[in-house]
Amino acid sequence: MHVPVLLPETIAALAPRAGGRYIDGTLGGGGHAEAILEKSGPDGALLGIDRDEAAVARCRERLSRFGSRFEAVHADFASMADVAAERGFSGVDGILLDLGVSSFQLDEADRGFSFRADGPLDMRMDRSRGETAAEWIAARADDPAGIARVLREYGEEPAAARIARAIAREQTQAPIESTARLAAVVEKAVGGRRGAARHPATRTFQAIRIAVNDELGQVSRAVEAALGLLAEGGVLAVITFHSLEDRIVKRAFAAHEGRDVSLQQGGSEWRGDLPAVERVLRRPVAPSEAETASNPRARSARLRAVRRIPAPAGVAAGASPRISPFPSPTCLSPRRTA
Ligand SMILES: C[S@@+](CC[C@H](N)C(=O)[O-])C[C@H]1O[C@@H](n2cnc3c(N)ncnc32)[C@H](O)[C@@H]1O
């Protein structure tokens, strides 16, 4: 069972309407998708995407009662523009990305995402392609500095160098192929648990999972693709679970808002990226204490949402007129942009 996080807040931001067209890029257990389909009845349509075939199969079954209003596609969300184009699904009213992994993935030991149960060290969301976590480690056994960089950047792991050296050393003795072995290697490298609230391998598992699935690259590409698919007035809502992906979303939204030098401040030139957007939520929304108490996995969730707005006057739709993200005030003189 996967409990959808920030469900009422997400539905309020997307405001699904009858006849609307929606994309859920992260179907998972189908909880958000179901709510969107219910709210957009009787004739709203939802195109669902997940890179995990098991999630696609689960949602086809769970949401079968919506008939032709719902279609589920096995793909990654970075390729949503192609997925939508192939189906003539354009002028979209709302797009949701609920990032990270689902409870199904975390709870199934054979997916290899969790150190809580022993299983093969896989960690791929899409099991039909790409390197497993075990293969990822094996390919880097002679590069502890490279492993350390990933643990530091993606896991914000303070003991990255020590853990990376231990992983490389143990890998050369016998391949690390199970979640329990990787957890034990990390635990030994940092000197046991010492009463810590979090398992010492938490950050290492997160970092390797992000690398194996190219999670950050996927998010950057998906945000741009999603904004391009939205109709004017359409909303992109993104739920992030750690600071790295939240930063990517925040920066991408800010670039499209043209906030650095705004027309509102008396400037005469749009400095944002196109498509232009405005914020639906002034600040990122976090779960309430009640939600976190009933669903601890919601703890780090943050919801951001923007609405596509018409291209500013003088800027041709489709143009990308941004000159500098931090222009000086002297750059504010009137100037035609192509
Ligand atoms: C947090 S769950 C989504 C839960 C869903 N909103 C629900 O209500 O059940 C995230 C899902 O997104 C999928 N996912 C993560 N990254 C993806 C990507 N780049 N492309 C497509 N699906 C992705 C995962 O496989 C997982 O099923």
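All figures in this text were calculated on a predicted structure; none of them were measured in a lab.

Conventions used here
- Residues numbered from 1 in each chain as written.
- Predicted model: local features only at pLDDT ≥ 70, side-chain atom pairs only at ≥ 80, totals over all residues.
- Heavy atoms only, no water.
- Salt bridge = Lys/Arg side-chain N within 4 Å of Asp/Glu carboxyl O.
- Helix = DSSP H or I, 4+ residues; strand = E, 2+ residues; numbered from the N terminus.
- Buried < 20%, exposed > 50% of the residue type's maximum accessible area, 1.4 Å probe, protein only.
- Core = buried A, V, L, I, M, F, W, Y, C linked by side-chain atoms within 4.5 Å.
- Contact = heavy atoms within 4.5 Å.
- Axes fitted to C-alpha atoms, helices over the stretch in contact; angles between N-to-C directions.
- Parallel < 35°, antiparallel > 145°, perpendicular 65-115°, else oblique.
- Left-handed = near helix turned anticlockwise from the far one by under 90°.
- Nonpolar A, V, L, I, M, F, W, Y, C, P; charged D, E, K, R; others polar.
- Near = heavy atom within 4 Å.
- Polar contact = N/O pair within 3.5 Å; in protein donor to acceptor, adjacent residues only side chain to side chain.
- Areas by Shrake-Rupley, 256 points an atom, 1.4 Å probe, with all protein chains shown as cover.
- Pairing = 2+ DSSP bridges.

**Q** When you look at the pattern of salt bridges in this model, what are you seeing that I'm missing?
**A** In this structure the tally under the stated criterion is 19 salt bridges. Linking Arg 111 and Asp 52 is a salt bridge whose minimum nitrogen-to-oxygen distance equals 2.9 Å. One end of the pair, Arg 111, is in the loop between helix H5 (103–107) and helix H6 (133–138); the other, Asp 52, is in the loop between strand S2 (45–50) and helix H3 (53–62), and 59 residues separate them in sequence. Look at Asp 52 and you get buried, because its relative accessible area is 5%. Measuring nitrogen to oxygen at the nearest pair gives 3.1 Å for the salt bridge that ties Arg 129 to Asp 126.

**Q** Just checking my understanding: could you explain the nonpolar core for this structure?
**A** Across soluble globular proteins, you tend to see nonpolar side chains buried next to one another. Counting 32 residues, the largest nonpolar core has Leu 121, Met 123, Leu 151, Ile 163, Ile 167, Leu 182 and Ile 208 as the members making the most contacts within it. For this core, the elements supplying multiple residues, two or more each, are H6, helix H7 (144–155), helix H8 (160–173), helix H9 (179–189) and helix H10 (202–212). Discounting chain neighbours no more than four positions away, the residues touching Leu 121 are Gly 112, Thr 132, Ala 133, Ala 134, Ile 137, Ile 176, Glu 177, Ser 178, Thr 179 and Leu 182. By size, the runner-up hydrophobic cluster in this structure holds 30 residues, among which are Ala 45, Leu 47, Ala 225 and Ala 226.

**Q** Before we go on, may I ask you to explain the packing of H8 against H9 in this structure?
**A** The interhelical angle for the contact between H8 and H9, taken along N-to-C directions, is 130°, at an axis separation of 9 Å. Comparing their axes, H9 and H8 come out oblique. Two packed elements cross with a definite hand, and for H8 against H9 that hand is right-handed. Seen from H8, the contacting residues are Arg 162, Ile 163, Ala 166, Ile 167 and Glu 170; seen from H9, they are Arg 181, Leu 182, Val 185, Val 186, Lys 188 and Ala 189. Across the contact of H8 with H9, the residue classes tally to seven nonpolar, no polar and four charged.

**Q** Could you clarify how one ought to interpret the site of the ligand in this entry?
**A** Around the ligand there are 24 residues in total, and His 32, Asp 50, Phe 77, Asp 98 and Gln 218 lie nearest to it. Here an oxygen atom of the ligand sits 3.3 Å away from a polar atom, N or O, in the main chain of Gly 30. In isolation the ligand offers 600 Å² of accessible surface; the protein chains occlude 99% of this area. The class makeup of the residues in the shell around the ligand is seven nonpolar, 12 polar and five charged.

**Q** Help me out: how do you make sense of the packing of H9 against H10 in this one?
**A** Packed helices, taken two at a time, are described by their axes: the angle between them and the distance between them. Closest axis-to-axis distance for the H9/H10 pair is 9 Å, and the angle between their directions is 125°. One element, H9, and the other, H10, form an angle in the oblique class. Of the two possible hands of crossing, H9 and H10 adopt the one that is right-handed. Only Thr 204, Phe 205 and Ile 208 of H10 make contact with H9, whose side of the interface consists of Thr 179, Leu 182, Ala 183 and Val 186. Looking at the contact of H9 with H10 residue by residue, the class counts come to five nonpolar, two polar and no charged.

**Q** Honestly, the sheet that holds strand S6 (residues 277–279) in this entry has me stumped. Any pointers?
**A** In sheet architecture, strand pairing relies on hydrogen bonds along the backbone and comes in two forms, parallel and antiparallel. Strand order in this open sheet of seven strands is S3-S2-S1-S4-S5-S7-S6, and the pairing throughout is mixed. Of all the strands in the sheet, just strand S3 (70–74) and S6 have a single pairing partner and so form its edges. In this sheet, adjacent strand axes meet at a mean angle of 20° when their direction is disregarded. The pairing of strand S5 (residues 230–240) with strand S7 (residues 302–308) spans six bridges and is antiparallel. Of the residues in S7, the one forming a bridge with Thr 240 is Arg 302. In the packing of helix H11 (residues 215–229) onto the sheet, the strands contacted are strand S1 (21–24), strand S4 (92–98), S5, S6 and S7, and the crossing angle to S5 comes to about 155°.

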